[in-house]
Amino acid sequence: MKFTLFLSILLFATSSLSAVVIPDSILAKCNTAKNITYLSEEEKNVVLYTNIARCYPRYFYDAILIPYMKATNNNDKTKYHKTLKQDLYNTKGLKPLQYNESIHPITKKFATEMGQQGKTGHVNPKGENLRKRMGKPGLYGENCSYGFNNGLGIIFQLMLDEGEISVGHRKNILDPEYGTIAVSIQKHKKYEWNCVMDFTN
């Protein structure tokens, strides 16, 4: 049973890259949350960009991340950028994650609670970890991001995983064992925004 948890903190947010035009064929496969009416556009974008990274990793790096890095003045010569390129180029296309509506309330509640109290990590104010919050055995993973409120910024932060030796966020996003995802972006008392991504098989 896998139970992987990762959080990432950044004290500023960047704008999304509006100039990216994604082909209809990629959107049709990867935009699996497009019909979830209670999600914001940026929450849907978290799912979209996660799936593009999984299904079309080289396209994601070349056509989306490179322009984003240039637009946001990111140095693409660091070891984290180099390993990100290597990981995406070495990843074979994976299946897209489907949106898991059954766990969405759990994901949203956690993001809301942590945001209201200005906390970080994977344990809620009641002391419950992800497995306890899910309430049943299973294959689970969780990424927590702080400082961004736009989908591409969130996924870039988590995929780059600057400072995380294990690059655990990246591994969660590219893990072939996961089949579903739930996402919630909520305001955060300390970092302005926090995003919780919960993965299941």
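Below is a short write-up of the structure. What you are looking at is a predicted structure, and each value in this text was computed from that prediction instead of being measured. (Residues numbered from 1 in each chain as written. Predicted model: local features only at pLDDT ≥ 70, side-chain atom pairs only at ≥ 80, totals over all residues. Heavy atoms only, no water.)

## Focus on the overall build of the protein chain
Here is step 1: A tally of helices and strands in the protein chain yields eight helices and five strands.
Here is step 2: Going from N to C terminus, the protein chain has its helices and strands arranged as β-α-α-α-α-β-α-α-β-α-α-β-β.
Here is step 3: Against the globule reference of 17 Å for 201 residues, the protein chain gives a C-alpha radius of gyration of 16 Å, in line with a compact fold.
Here is step 4: Taking the principal axes of the C-alpha coordinates as reference, the protein chain spans close to 40 × 30 × 30 Å.
Here is step 5: Within the protein chain, the fraction of its 201 residues that count as buried is 53%.
Here is step 6: Long-range pairs, those at least 24 residues apart, make up 73% of the contacts in the protein chain between residues at least 6 apart in sequence.
Here is step 7: Accessible surface, the protein chain as shown: approximately 9,600 Å² in total, 51% of it carbon and sulfur.
Here is step 8: If the 26 positive side-chain charges of the protein chain are averaged to one point and the 18 negative ones to another, these points end up 3 Å apart. (Helix = DSSP H or I, 4+ residues; strand = E, 2+ residues; numbered from the N terminus. Rg over C-alpha atoms; globule rule 2.2 N^0.38 Å. Buried < 20%, exposed > 50% of the residue type's maximum accessible area, 1.4 Å probe, protein only. Contact = heavy atoms within 4.5 Å. Areas by Shrake-Rupley, 256 points an atom, 1.4 Å probe, with all protein chains shown as cover. Lys, Arg positive; Asp, Glu negative; His and termini not counted. Charge placed at Lys NZ, Arg CZ, Asp CG, Glu CD.)

## What about the packing of aromatic side chains?
Here is step 1: Per the stated rule, a full pass over the model turns up four aromatic pairs.
Here is step 2: Here Tyr61 and Tyr89 contribute two aromatic rings whose centre-to-centre distance is 6.1 Å and whose plane-to-plane angle is 85 degrees, an arrangement assigned as edge-to-face. In this pair, Tyr61 sits in helix H3 (residues 57–71) while Tyr89 sits in helix H4 (residues 79–90), placing the two residues 28 residues apart along the sequence.
Here is step 3: Residue classification places Tyr61 among the buried positions, given a relative accessible area of 5%. (Phe/Tyr/Trp six-rings, centres within 6.5 Å; stacked < 30°, edge-to-face > 60°.)

## Side note on unusual backbone geometry
Negative phi characterises most residues that are not glycine, and trans characterises most peptide bonds.
Here is step 1: Its identity as a non-glycine residue notwithstanding, Asp161 has a phi of 55 degrees, on the positive side.
Here is step 2: Relative accessible area serves as the criterion here: at 0%, Asp161 is assigned to the buried category.
Here is step 3: In this structure, Glu192 takes a positive phi of about 75 degrees despite not being glycine.
Here is step 4: Looking at where Glu192 falls in the secondary structure, it is placed in strand S5 (residues 192–200).

## A look at the environment of Lys190
Here is step 1: Tracing the sequence through the fold places Lys190 in the loop between strand S4 (180–188) and S5.
Here is step 2: Among the residues examined, Lys190 registers a relative accessible area of 59% and is labelled exposed.
Here is step 3: Between the C-alpha atoms of Lys190 and Lys70, which are 120 residues apart in sequence, the distance is 28 Å.

## So, the packing of helix H2 (residues 41–55) against H3
Here is step 1: Their axes nearest at 5 Å, the elements H2 and H3 cross at an angle of 120 degrees. Between H2 and H3, the crossing angle belongs to the class labelled oblique. In contact with Tyr49, Ile52, Ala53, Arg54 and Cys55 of H2, H3 contributes Pro57, Tyr59, Phe60 and Ile64.
Here is step 2: A class-by-class count of the residues in the contact of H2 with H3 yields eight nonpolar, no polar and one charged. (Axes fitted to C-alpha atoms, helices over the stretch in contact; angles between N-to-C directions. Parallel < 35°, antiparallel > 145°, perpendicular 65-115°, else oblique. Nonpolar A, V, L, I, M, F, W, Y, C, P; charged D, E, K, R; others polar.)

## Comments concerning the nonpolar core
Here is step 1: Counting residues in hydrophobic clusters, the biggest one holds 51 residues, and the most contacted among them are Ile52, Phe60, Tyr99, Ile155, Met159, Ile173 and Met197.
Here is step 2: Listing elements by their share of this core, those giving two or more residues are helix H1 (24–30), H2, H3, H4, helix H6 (130–134), helix H7 (151–160), S4 and S5.
Here is step 3: In this view, Ile173 contacts Thr50, Ala53, Arg54, Asn143, Ile155, Leu158, Met159, Met197 and Phe199; residues no more than four positions away in its chain are not counted.
Here is step 4: Membership of the second largest hydrophobic core comes to seven residues, among which are Ala111, Met114, Cys144 and Tyr146. (Core = buried A, V, L, I, M, F, W, Y, C linked by side-chain atoms within 4.5 Å.)

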